[in-house]
Amino acid sequence: MSNGPFDIDVDTLGNMRPISKVVFSFGSNQGDSPAILTRAVEVLAETPDLIVVDVSPVYQTPFQGDGPEQDDYLNLVVLAESTLEPMTLLDRAFAIEESFGRERTVPNGPRTLDIDIIMVGKRTSEEDIELPHPRAHERAFVLVPWLDIDPTGEIAGAGPIAELVKHVDRTGVIRRDDIVIANPGRR
Ligand SMILES: Nc1ncnc2c1ncn2[C@@H]1O[C@H](COP(=O)(O)OP(=O)(O)OP(=O)(O)O)[C@@H](O)[C@H]1O
Ligand SMILES: Nc1nc2c(c(=O)[nH]1)N=C(CO)CN2
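Along each chain, numbering runs from 1 in the same order as the chain's sequence is written. Chains carry letters and ligands carry numbers; both start at the beginning, A for chains and 1 for ligands, and go up in the order they are written. Given that the model is predicted, a residue must reach a pLDDT of at least 70 before its local features are reported, and side-chain atom pairs must reach 80 or more before they are shown or counted; all residues, however, enter totals for whole chains, interfaces and linings. Hydrogen atoms and water are omitted, and side-chain values are computed over all heavy atoms in the structure.

**Description of the site of ligand 1**
Right, on to step 1. Distances are taken per atom, and a residue is near a molecule or strand as soon as one of its heavy atoms is within 4 Å of it. Around ligand 1, a shell composed of 14 residues is seen, among which Arg104, Ile117, Glu130, Arg135 and Arg139 lie nearest.
Right, on to step 2. In this structure, an oxygen atom belonging to ligand 1 sits 2.9 Å away from a side-chain N or O atom of aspartate 116.
Right, on to step 3. In this structure, an oxygen atom belonging to ligand 1 sits 3.2 Å away from a side-chain N or O atom of histidine 133.
Right, on to step 4. Here ligand 1 loses 75% of its free accessible area of 620 Å² to cover by the protein chains.
Right, on to step 5. Helix numbering and strand numbering both begin at the N terminus, where a helix is a DSSP run of H or I of at least 4 residues and a strand a DSSP run of E of at least 2. Among the elements that line the shell around ligand 1, the one with the most residues is strand 5 (residues 114-120), at three residues.
Right, on to step 6. Any residue outside Ala, Val, Leu, Ile, Met, Phe, Trp, Tyr, Cys, Pro, Asp, Glu, Lys and Arg is labelled polar, Gly included; the first ten of those are nonpolar and the last four are charged. Taken together, the residues of the shell around ligand 1 sort by class into three nonpolar, two polar and nine charged. Counting of polar contacts relies on pairs of N or O atoms within 3.5 Å, with two restrictions inside protein: one atom must be capable of donating a hydrogen and the other of accepting it, and residues adjacent in sequence are counted only when both atoms are side-chain atoms. Accessible surface is estimated by sampling points in the Shrake-Rupley manner with a 1.4 Å probe; for residues, cover comes only from the protein chains shown.

This is the structure in structure tokens:
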């Protein structure tokens, strides 16, 4: 008689890897930002072993952080599921940024495209990647769009985003419903 799931031989997992929730933050304040973000999300969705679950609304946000004065950003958050390693995801994000001509000449300067990896499941920092992203919990441009698509989301070590968002400065953060970036997998 079958014992249900208890009969499944773990060896059948072979090379399969666990699926992690992955959160990306996308930003652009140079060039045709709506077109760049649209295409960048499409390219991310073409990544093997990664599924885009949801794409947040687009927000216009003032530059936050240390850096030269610069134009407002357009920001969005992408929720995904993936079996890829954090460093593989970072390499992919970097390659997508490069394909949109991001130059890193001015530190913290304006950019055509910036992709940050906010979290990869329960993974923590490794040699070349900081996880969860160490500044995400204080960034309105991450928390506000993220909350729209993941109301129960949490940053390990910092707390639920619904709480964190109450403590960030939302001045100048404007939801841009005139710019809609659809989930490429759900058209
Ligand atoms: N979670 C992460 N997401 C993105 N980049 C990361 C992460 N952890 C480490 N890095 C590394 O940080 C480097 C600097 O990133 P970048 O120049 O995009 O900084 P930034 O986006 O301007 O600032 P911030 O790090 O505050 O978001 C990247 O080249 C990357 O190798
Ligand atoms: N408004 C806004 N400010 C930023 C952004 C961004 O995407 N939007 N990205 C940064 C570095 O990742 C630093 N500051």
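**Topic: the nonpolar core**
Right, on to step 1. What we call a nonpolar core is a set of buried Ala, Val, Leu, Ile, Met, Phe, Trp, Tyr and Cys residues that are connected through their side-chain atoms within 4.5 Å. Burial classes follow relative accessibility: with a 1.4 Å probe on protein chains only, a residue under 20% of its type's maximum area counts as buried, one over 50% as exposed, and anything between as partly exposed. Within the largest apolar cluster, 29 residues are counted, with the highest numbers of intra-cluster contacts made by Phe24, Phe26 and Leu76.
Right, on to step 2. Secondary-structure elements contributing two or more residues to this core are strand 1 (20-28), helix 1 (33-45), strand 2 (50-55), strand 4 (73-82), helix 2 (86-99) and strand 5.
Right, on to step 3. In terms of residues, this core owes the most to one element, helix 1, which gives six residues.
Right, on to step 4. Residue contacts are counted whenever heavy atoms from the two residues lie within 4.5 Å of one another. Contact partners of leucine 76, with chain neighbours within four places excluded, come to Phe24, Ser25, Phe26, Leu37, Val41, Val55, Ser56, Pro57, Val58, Pro145 and Ile181.
Right, on to step 5. Ile118, Ala136, Ala140 and Val168 belong to the second-largest nonpolar core, a separate cluster that totals 20 residues.

**Remarks on the pairing of strand 5**
Right, on to step 1. Across the seven residues that make up strand 5, a large majority, seven, are buried.
Right, on to step 2. Each pair of strands is called paired provided DSSP finds at least two bridges between the two strands. As judged from the six bridges shared by strand 1 and strand 5, these two strands associate in the antiparallel manner. By the bridge assignment, valine 23 is partnered in strand 5 with methionine 119.

**Examining helix 1**
Residues that lie three or four places apart on an α-helix share one face, since the helix turns once every 3.6 residues.
Right, on to step 1. Taking 1.5 Å of rise per residue, the 13 residues of helix 1 would be expected to cover 18 Å, and the 18 Å separating its terminal C-alpha atoms lies within 8% of that figure.
Right, on to step 2. Residues of helix 1 that are buried: Ser33, Ile36, Leu37, Ala40, Val41, Glu42, Val43 and Leu44.
Right, on to step 3. Where helix 1 is buried, its residues touch strand 1, strand 2, strand 4 and helix 2. A helix is expected to reach a length of 1.5 Å times the quantity of its residues less one.

**Observations concerning the UniProt feature "domain: 7,8-dihydro-6-hydroxymethylpterin-pyrophosphokinase" (unreviewed entry) in the protein**
Right, on to step 1. Under the local residue numbering, the UniProt record ascribes the feature "domain: 7,8-dihydro-6-hydroxymethylpterin-pyrophosphokinase" (unreviewed entry) to residues 24-151.
Right, on to step 2. This span, residues 24-151, is 29% helix and 24% strand, and a straight line between its end C-alpha atoms measures 16 Å. UniProt positions are given in the numbering used here, feature names are shortened, and annotations may be inferred rather than shown by experiment.

**Things to note about the pattern of salt bridges**
Side chains bearing opposite charge may pair, as long as their charged atoms lie close to each other.
Right, on to step 1. Any Lys or Arg side-chain nitrogen found within 4 Å of a carboxyl oxygen on Asp or Glu counts as a salt bridge. In this structure the tally under the stated criterion is 12 salt bridges.
Right, on to step 2. Between arginine 39 and glutamate 42 there is a salt bridge, with its nearest N and O atoms 2.8 Å apart. In this pair, arginine 39 and glutamate 42 are both assigned in helix 1, three residues apart and thus about one turn of the helix distant.
Right, on to step 3. In this structure, the salt-bridge partner of arginine 123 is glutamate 126, at a minimum N-O distance of 2.7 Å.

**Here's the deal with the site of ligand 2**
Right, on to step 1. In the vicinity of ligand 2, the residues found are Gly27, Thr61, Pro62, Phe63, Gln64, Tyr73, Asn75, Arg111, Asp114, Asp116, Arg139 and Phe141.
Right, on to step 2. Contact between ligand 2 and threonine 61: a nitrogen atom at 2.7 Å from a side-chain N or O atom of the residue.
Right, on to step 3. The separation between an oxygen atom of ligand 2 and a polar side-chain atom of aspartate 116 is 3.0 Å.
Right, on to step 4. Within the complex, 93% of the 340 Å² of free accessible area of ligand 2 lies under protein.
Right, on to step 5. Of all the elements in the fold, those that place two or more residues in the shell around ligand 2 are strand 4 and strand 5.
Right, on to step 6. Here the shell around ligand 2 is composed, by residue class, of four nonpolar, four polar and four charged.

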